Amino acid sequence: MGNICGNLLANLFRETFGMSWMWNFRSMGIIIAAIGILNFFLLVDHPHKVGIVIDPPESNLETVEEVREESEEEVEEIEERLIGDHTKNSNGNNEVAADETSISFWKAWILPGVIPYALCVAFVKCSTYGMLFWLPSYADKELDYDDGEIEVIAIAYDIGTILGSVILGLLTDLTYKRRSPIAFVGLLVGAGLFLLVVFFSDSSKYLVYTIIFFVGFFVGGIFNIVAATAAADLAKGDALKGNDKALATVSGILDGSGSLGAAFGSLIIGVIRNVSWKGVFIFLSCVVFISSIPIFKAFLREIKEIVQIRKENQKDPE
């Protein structure tokens, strides 16, 4: 929604009020500064500061095998720990738990799943931001669209991203919150759609709008899902469970990896577009395909888990 509102505001300032592009940047800067000031004075950084006590989450086992292998002693141990944590919260004890120890930046990299997710986020963000930054220039220089048509193609991508985030996110919930299958398939489809842009860019404008919409749907939607849930998925592992400090380090790694991917991607696109705009979309197609490789192992594992859960549900309808 922010991208769409930004496009509309920029067009309003430029077309209606006759402002120059420089004033577009200034006006957006003023809006960002105003929101930053509001956040500084009004945003509460922790629920306990407003009297909200969060109960500890129930134990959530990842696979059917873990459910079967869980012994009675382990269950009792988990229950005792949860009861103890709940007692601490009820007494208003807001001190950091003893087991919440921070980990170094380099040790965080070797935690299970961090490197694959970081690579996936980096490559997906590279393609997503490549589209955000270079799509208007492509429509102007290569397709010779006017300002209104450039705005339409940019909004088509943003709307696709919004709907993709919602619909694909819903599908991940329907697959027992296993995100890798949806992400893997969506990235492969997105890689193919980038190639369609290469072959059909000279066709009808409405066909181009449609292809760009679905690029946003799959690539942009998957990026939002992966970026928003990667840290949460990693937090379910034993290495990060209950350790907010370590989780913060991992979240920083994922965000930083994505930013590096976007930065280097934009530099590479800037070089390639001087040779061929079609080469840009071939590059983006390759980047999206590469982003699916790190999560392929998780894709296979979670497909097996989904099949096993469905079999268990069929045996035990209750």
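These numbers were taken from a predicted model, which means no experiment stands behind them. (Residues numbered from 1 in each chain as written. Predicted model: local features only at pLDDT ≥ 70, side-chain atom pairs only at ≥ 80, totals over all residues. Heavy atoms only, no water.)

Undergrad: For this particular structure, what's the right way to read the confidence of the model for the protein chain?
TA: Note: predicted coordinates in regions of low pLDDT should not be interpreted at a detailed level. For the protein chain, mean pLDDT is 80; residues scoring 70 or higher make up 79% of the total. By mean pLDDT, the top-scoring element of the protein chain is helix α11 (residues 277–292) (94), and the lowest-scoring one is helix α3 (residues 64–69) (48). Low confidence marks residues 59–65, where pLDDT is under 50. Its contacts with residues over four positions away, or in another chain, come to 15 contacts. Below pLDDT 50 for its whole length, residues 90–99 participates in 5 contacts with residues either more than four positions away or in separate chains. (pLDDT = per-residue confidence, 0-100. Helix = DSSP H or I, 4+ residues; strand = E, 2+ residues; numbered from the N terminus. Contact = heavy atoms within 4.5 Å.)

Undergrad: Where do I start with the packing of helix α6 (residues 114–141) against helix α7 (residues 147–174) in this structure?
TA: The packing of two helices is summarised by the inter-axis angle and the distance between the axes. Interaxial distance between α6 and α7 falls to 9 Å at its minimum, and their mutual angle equals 160 degrees. As far as their axial angle goes, α7 and α6 are roughly antiparallel. Here α6 and α7 pass one another in a crossing that is right-handed. From α6, Thr-128, Met-131, Leu-132, Leu-135, Pro-136, Ala-139 and Asp-140 reach across to α7, where they touch Ile-150, Ile-153, Ala-154, Tyr-157 and Asp-158. Among the residues forming the contact of α6 with α7, the class breakdown is 9 nonpolar, 1 polar and 2 charged. (Axes fitted to C-alpha atoms, helices over the stretch in contact; angles between N-to-C directions. Parallel < 35°, antiparallel > 145°, perpendicular 65-115°, else oblique. Left-handed = near helix turned anticlockwise from the far one by under 90°. Nonpolar A, V, L, I, M, F, W, Y, C, P; charged D, E, K, R; others polar.)

Undergrad: Help me understand the environment of Lys-141 in this model?
TA: The topology assignment puts Lys-141 in helix α6. Judged by its relative accessible area of 59%, Lys-141 falls in the exposed class. In the structure, Lys-141 is positioned 136 residues away from Trp-277 in sequence and 9.2 Å away in space, judged by C-alpha atoms. (Buried < 20%, exposed > 50% of the residue type's maximum accessible area, 1.4 Å probe, protein only.)

Undergrad: When you look at the packing of aromatic side chains in this model, what are you seeing that I'm missing?
TA: One pair of aromatic rings is described through two measures. These are the centre distance and the angle between the planes. Under the defined criterion, the tally for this structure stands at 18 aromatic pairs. Look at Phe-213 and Phe-214: their rings are 5.1 Å apart centre to centre, the planes differ by 80 degrees, and that puts the pair in the edge-to-face class. Among the aromatic residues, ring-to-ring pairing joins Trp-134, Tyr-138, Phe-194, Trp-277 and Phe-281 into one connected group. (Phe/Tyr/Trp six-rings, centres within 6.5 Å; stacked < 30°, edge-to-face > 60°.)

Undergrad: Any chance you could explain unusual backbone geometry here in plain terms?
TA: With the exception of glycine, the majority of residues adopt a negative phi angle, and the majority of peptide bonds are in the trans configuration. Positive phi values are uncommon outside glycine, yet Asp-144 reaches one of about 60 degrees. As for its position among the elements, Asp-144 is in the loop between α6 and α7. Positive phi is not limited to glycine here, since Tyr-176 has a value of about 60 degrees. Within the fold, Tyr-176 resides in the loop between α7 and α8 (180–200). Residue classification places Tyr-176 among the partly exposed positions, given a relative accessible area of 28%.

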